[in-house]
Amino acid sequence: MKRSLPELSVIVPVYNEAAHIARSLRIIADTLKSIAASFELIVVDDGSRDRTWEQLVKLSADLPQLTTIRLSRNFGKELALCAGMEHARGAAVIVMDGDLQHPPELIPQMVRLWREEGFEVIECVKENRGEEAAGKKLGAQVFYGLLSYLSGYKLQGASDFKLLDAKVVESWREMPERVTFFRGMTAWLGYKRTTISFSVPAREEGASRWNLFNLIKLAVQAIVSFSTIPLRLVSIIGALFLVGSIALGINTLVQKLQGTAVTGFTTVILLLLLIGSFLMISLGIIGEYIAAIYHEVKGRPRYLIADKHENALAYTRDETGDSGDAFAAAALDR
Ligand code: UDP
Ligand code: MG
């Protein structure tokens, strides 16, 4: 028996989605079944604390295309995605959320653009961000504005809903960083790309699995890994301070010699506070880059896999060349 590879790999990272995951995955699988001769659905359970994993194991009994990977703890969506990317074997890989906020209806259009028009990266861009707190919308705007100013990558509206050709996935795998920012990394890769816009539907169940702290952490990681301009800003601000201090220094000396030196500490205190704050912030910025270097040089694995289920029969081909896909499709119809 030798393995045949699926045409499409679909990667779905999930965290605490037990309430709806079986239904959502069935909807995704139905869409795939209608367009692809063969596909694999790789669901990465990012250390869920509810019954998500049990649901997945149960589902894999009647969804032979399902490969389930359980990470040893919650590593965050970025790393769950990495785990999926490293296991995908399809000629094209689609990455999407498990809460149906990335509408599966778009998949046929993405696949058509890839198959017929030869695009290698198809990105779905958020036309509007759906129902989201005003603060989160504003935060996203500030973050993307800052990122585009600092790194030149215009990711406004970018989502992690993408189709990547196998060669793009191959190049992506060559990026060795431990701290990853999927959207930015795929933008960096280049290749022949196009976009599809979509409006984000309401979440299938519950609230976003991201909290403010996670989002700020992701934003800082993204900026640190895509731009060194903040480091230069430290030097530029330092230079401006130098110019200011020369002017103020001359002024002070002249006043001293004329005998009209100011009394009181107001200027001194203000300068101290101002310079103190700039120094601290500058140290903080440098610290972020040192932290990033530290995380990279430690060279720890990006994630750990606790459990993996793969339906061995789903993509096998016997010596006569008969594809196992017929078996897979028949099993799915049950
Ligand atoms: N997710 C994950 N690990 C996490 C947080 C989220 O795998 O630590 C998954 C989540 O289950 C979902 C996707 O990432 O499939 C997007 O998360 P969510 O819908 O909560 O985020 P939002 O839609 O607000 O961006
Ligand atoms: Mg969501």
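You'll find the structure just up there.
Here we summarise the structure given alongside this text.

## Thoughts on the overall build of the protein
Part 1 of the reasoning: Looking only at helices and strands, one finds eleven helices and ten strands in the protein.
Part 2 of the reasoning: Here the C-alpha atoms of the protein give a radius of gyration of 26 Å, more than 25% beyond the 20 Å that 2.2 N^0.38 yields for 334 residues.
Part 3 of the reasoning: Here the C-alpha coordinates of the protein stretch approximately 100 × 40 × 40 Å along the principal axes.
Part 4 of the reasoning: Taking all 334 residues of the protein together, the buried fraction comes to 43%.
Part 5 of the reasoning: Within the protein, counting contacts between residues at least 6 apart in sequence, those at least 24 apart form 82% of the total.
Part 6 of the reasoning: Just so you have it, the protein exposes about 17600 Å², and 61% of that area is on carbon and sulfur atoms.

## Focus on the sheet that holds strand β7 (residues 158-165)
Part 1 of the reasoning: Overall, mixed pairing links the eight strands, which are arranged β8-β6-β7-β5-β2-β3-β4-β9 in an open sheet. Edge strands, defined here as strands with exactly one partner in the open sheet, are β8 (193-199) and β9 (305-310). The sheet shows a mean angle of 20 degrees between the axes of neighbouring strands, direction not considered.
Part 2 of the reasoning: Sheet strands in contact with helix α2 (residues 52-60) are β2 (8-14), β3 (39-45), β4 (66-71) and β9, and its direction is about 160 degrees off that of β4.
Part 3 of the reasoning: Of the strands in this sheet, β5 (92-95), β6 (121-128) and β7 are in contact with helix α6 (residues 166-173), which crosses β7 at around 110 degrees.

## Quick word on unusual backbone geometry
Part 1 of the reasoning: For N16, which is not a glycine, the phi torsion comes out positive at approximately 50 degrees.
Part 2 of the reasoning: If you trace the backbone, N16 turns up in the loop between β2 and α1 (21-35).
Part 3 of the reasoning: The class of N16 is partly exposed, set by a relative accessible area of 21%.
Part 4 of the reasoning: Positive phi, close to 70 degrees, is recorded for Y191, a residue that is not glycine.
Part 5 of the reasoning: The residue Y191 is located in the loop between α7 (182-189) and β8 in this model.
Part 6 of the reasoning: Since its relative accessible area comes to 34%, Y191 is described here as partly exposed.

## A word on the site of ligand 1
Part 1 of the reasoning: Around ligand 1 sit 17 residues, and of these E17, D46, D99, S208 and R209 come closest.
Part 2 of the reasoning: Contacts to ligand 1 include P13, whose backbone N or O atom sits 2.8 Å from an oxygen atom.
Part 3 of the reasoning: Within the side chain of D99, an N or O atom sits 2.5 Å from an oxygen atom of ligand 1.
Part 4 of the reasoning: For the shell around ligand 1, the class distribution of residues is four nonpolar, five polar and eight charged.

## Let's talk about the coordination of the magnesium ion (ligand 2)
Part 1 of the reasoning: D99 (OD) and Q101 (OE1) make up the full set of protein donors to the magnesium ion (ligand 2), lying at 1.9 Å.
Part 2 of the reasoning: Assessed through its relative accessible area of 3%, D99 is described here as buried.

## A look at a nonpolar patch on the surface
Part 1 of the reasoning: Together, L248, L271, L274, I275, F278 and L279 make up a nonpolar patch on the protein surface, roughly 480 Å² of accessible area in all.
Part 2 of the reasoning: Position of L274 relative to the elements: it lies in helix α10 (residues 266-298).

## Quick notes on α2
Part 1 of the reasoning: Burial in α2 covers these residues: T52, W53, L56, L59 and S60. Angular distribution of buried residues about the axis of α2 spans 125 degrees; they occupy a single face of the element.
Part 2 of the reasoning: Its buried side turned inward, α2 meets β2, α1, β3, β4 and β9.

## Comments concerning α7
Part 1 of the reasoning: Counting buried residues along α7, seven of its eight residues qualify, which places the element largely inside the surrounding structure.
Part 2 of the reasoning: All buried positions along α7 are accounted for by F182, R183, G184, M185, T186, A187 and L189.
Part 3 of the reasoning: Following α7 by one or two positions, G190 adopts a phi angle in the positive range, close to 80 degrees.

## Here we look at the packing of α1 against α2
For any two helices packed against each other, the geometry is given by the interaxial angle and the distance between the axes.
Part 1 of the reasoning: Between α1 and α2, the shortest axis-to-axis distance is 9 Å and the interhelical angle comes to 45 degrees. By the angle class used here, α1 and α2 are oblique. In the packing of α1 onto α2, the handedness of the crossing is right-handed. In contact with I21, A22, L25 and R26 of α1, α2 contributes T52, Q55, L56 and L59.
Part 2 of the reasoning: When the residues that make up the contact of α1 with α2 are grouped by side-chain class, the tally is five nonpolar, two polar and one charged.

Parameters at a glance
- Residues numbered from 1 in each chain as written.
- Chains lettered and ligands numbered in written order.
- Predicted model: local features only at pLDDT ≥ 70, side-chain atom pairs only at ≥ 80, totals over all residues.
- Heavy atoms only, no water.
- Helix = DSSP H or I, 4+ residues; strand = E, 2+ residues; numbered from the N terminus.
- Rg over C-alpha atoms; globule rule 2.2 N^0.38 Å.
- Buried < 20%, exposed > 50% of the residue type's maximum accessible area, 1.4 Å probe, protein only.
- Contact = heavy atoms within 4.5 Å.
- Areas by Shrake-Rupley, 256 points an atom, 1.4 Å probe, with all protein chains shown as cover.
- Pairing = 2+ DSSP bridges.
- Axes fitted to C-alpha atoms, helices over the stretch in contact; angles between N-to-C directions.
- Near = heavy atom within 4 Å.
- Polar contact = N/O pair within 3.5 Å; in protein donor to acceptor, adjacent residues only side chain to side chain.
- Nonpolar A, V, L, I, M, F, W, Y, C, P; charged D, E, K, R; others polar.
- Donors = N, O, S within 2.8 Å, 3.2 Å for Na, K, Ca; no water.
- Patch = residues over 30% accessible without salt bridge, like charges linked within 9 Å, V, L, I, M, F, W, Y side chains within 5 Å.
- Salt bridge = Lys/Arg side-chain N within 4 Å of Asp/Glu carboxyl O.
- Arc of directions from axis to C-beta.
- Parallel < 35°, antiparallel > 145°, perpendicular 65-115°, else oblique.
- Left-handed = near helix turned anticlockwise from the far one by under 90°.

Structural measurements only, silent on function.
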